[in-house]
Amino acid sequence: MDDNLFPTKIESKSKSVQELVMNNELEPPGNYFYEDGVNGVLDSSLPLLEMPVIDIGRLTSPSTNREEIEKLHSALISCGCFMSINHGITGVFLDQVRSVTAQFFALPMEEKLKYSRAADSTEGYGNDMILSEDQILDWTDRLYHIVSPEDKRQLQLWPEKPEIFRETLQEYTTKLKVIVEVVLKAMARSLNMEENCFLDKYGEERALMMARFNLFPPCPRPDRSLGQKPHADGSAITIVLQDKEVEGLQFLNDDQWFRVPVQLPHALLINVGDHIEVMSNGVFKSPVHRVVTNSERERTSVAVFCTPDPDNDIEPVDGVVSETRPRLYKKMQDYQSKYLQYYQKGRRPIESVKI
């Protein structure tokens, strides 16, 4: 990647969106504003994505896994994402994850600010880094933590309120690691590859797991501001716990935006990230998605990004390159370190590793 494309200096932090809402701003500040508006945001006729549903338990059962793996392959080819059910995490516990998320963002501002991120870091409480004067910010506040490897944790930024926050995050991500292993093995098998080929590149022991708790407050101009700008994830896979009632996530498929339904409150949404696109040599594509705002109801979500060990070289795995499908991507390492700068510019970093 060309380091000269973007400034390396992180300039400052901006006021939280919650603070802007409390000040009863009638218009978002200019740096949250898309002058040409946001295409399709207020169009209620935007279609719902026919989200494939994958039974994680069936992926591991000898009697049903072949059929479910074929469904998984079809889902990843068609839209790069799916809803996972029978994943081993109870609805009661998922509601607890949602509850601690809502409780944290409802704390007094002075309490939340104890966990503020540094100006040159993503980790902790806050919102977008400001990397350039013309950057358009996302209408969201975030709490962002590296969960694993454990020696990368900055526990001073993990909230002590609500009291069960830390143990809930620890338990949740421990359960997700089981799902990650099952899904990466099933992805490999769906390509008739050795089942550990993606998992070995992922590097379980030192793979990064990063949790981001999102709050999208009501926005006075949802036609001009986005909760998250269009992007694809820099992970191997991302696991999202959606709001139970409020829509907002949208995926781009065949140049059309689709709304993601919230009818399965105890399903986990899983989407492919750029690392799997590279490892699969583009058979599985990392889908572009965004979050839209609304003027009436706040929305929360929890996204966990499962990213390969930064020390591992990532490239198409053996078996996905052939005379009929030549190699499409260069070898890459520590892709995550450049991802944010491309994201804030509205560019896709994966373009820089295509051959």
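Residues numbered from 1 in each chain as written. Predicted model: local features only at pLDDT ≥ 70, side-chain atom pairs only at ≥ 80, totals over all residues. Heavy atoms only, no water.

1. Topic: the sheet that holds strand S9 (residues 237–241)
So, step 1. Pairing is mixed in the open sheet, where eight strands are placed in the order S2-S3-S12-S9-S14-S7-S6-S4. Each edge of the sheet is formed by a strand with only one pairing partner; in this case those strands are strand S2 (53–55) and strand S4 (124–126). Mean inter-strand twist for the sheet, computed between neighbouring axes without regard to direction, equals 25 degrees.
So, step 2. Bridging between S4 and strand S6 (residues 141–148) involves three bridges; their strand directions are antiparallel. Note on S6: the bridge partner recorded for Tyr125 is Leu143.
So, step 3. Strands S2, strand S3 (81–85) and strand S12 (268–272) of the sheet are contacted by helix H3 (residues 65–78), whose axis makes an angle of about 150 degrees with S2. (Pairing = 2+ DSSP bridges. Helix = DSSP H or I, 4+ residues; strand = E, 2+ residues; numbered from the N terminus. Axes fitted to C-alpha atoms, helices over the stretch in contact; angles between N-to-C directions. Contact = heavy atoms within 4.5 Å.)

2. Some words on the UniProt feature "domain: Fe2OG dioxygenase" (unreviewed entry) in the protein
So, step 1. Per the UniProt record, "domain: Fe2OG dioxygenase" (unreviewed entry) is annotated on residues 206–308.
So, step 2. As annotated, residues 206–308 has a helix share of 6% and a strand share of 46%, and its two end C-alpha atoms lie 8 Å apart. (UniProt positions renumbered as here; feature names shortened; annotations may be inferred.)

3. Brief notes about a nonpolar patch on the surface
So, step 1. On the surface, a cluster of nonpolar side chains totalling about 200 Å² of accessible area is made up of Val53, Ile85 and Leu264.
So, step 2. In this fold, Ile85 is placed in strand S3. (Patch = residues over 30% accessible without salt bridge, like charges linked within 9 Å, V, L, I, M, F, W, Y side chains within 5 Å. Areas by Shrake-Rupley, 256 points an atom, 1.4 Å probe, with all protein chains shown as cover. Salt bridge = Lys/Arg side-chain N within 4 Å of Asp/Glu carboxyl O.)

4. Considering empty space enclosed by the protein
So, step 1. Under the definition given, this model contains six cavities of 30 Å³ or more.
So, step 2. The space that makes up the largest cavity amounts to roughly 140 Å³.
So, step 3. If you go around the largest cavity, you meet 17 residues; those closest to its centre are Arg212, Gln228, Val240, Leu249 and Ala303.
So, step 4. Mapped onto the lining of the largest cavity, the elements with two or more residues apiece are strand S7 (208–216), strand S8 (226–231), S9, strand S10 (249–253), strand S13 (289–292) and strand S14 (299–307).
So, step 5. Take the lining of the largest cavity: its biggest share by element is four residues, from S14.
So, step 6. Within the lining of the largest cavity, the residues separate by chemical class into seven nonpolar, seven polar and three charged. (1 Å grid on protein atoms, 1.4 Å probe; cavity = no way out; pocket = protein on both sides within 12 Å on 5 of 7 lines; lining within 4 Å. Points joined across faces, edges and corners; volume = space filled by probe spheres on them. Nonpolar A, V, L, I, M, F, W, Y, C, P; charged D, E, K, R; others polar.)

5. A look at the nonpolar core
So, step 1. Formed by 69 residues in total, the largest nonpolar core has its most connected members in Tyr172, Met187, Phe198 and Ile276.
So, step 2. For this core, the element with the highest residue contribution is helix H6 (residues 165–190), accounting for twelve residues.
So, step 3. Those residues within four positions of Phe198 in sequence are excluded, and the remaining contacts are Leu184, Met187, Ala188, Leu191, Ile276, Met279, Ser280 and Val317.
So, step 4. By size, the runner-up hydrophobic cluster in this structure holds 20 residues, among which are Tyr144, Ile146, Val260 and Phe305. (Core = buried A, V, L, I, M, F, W, Y, C linked by side-chain atoms within 4.5 Å. Buried < 20%, exposed > 50% of the residue type's maximum accessible area, 1.4 Å probe, protein only.)

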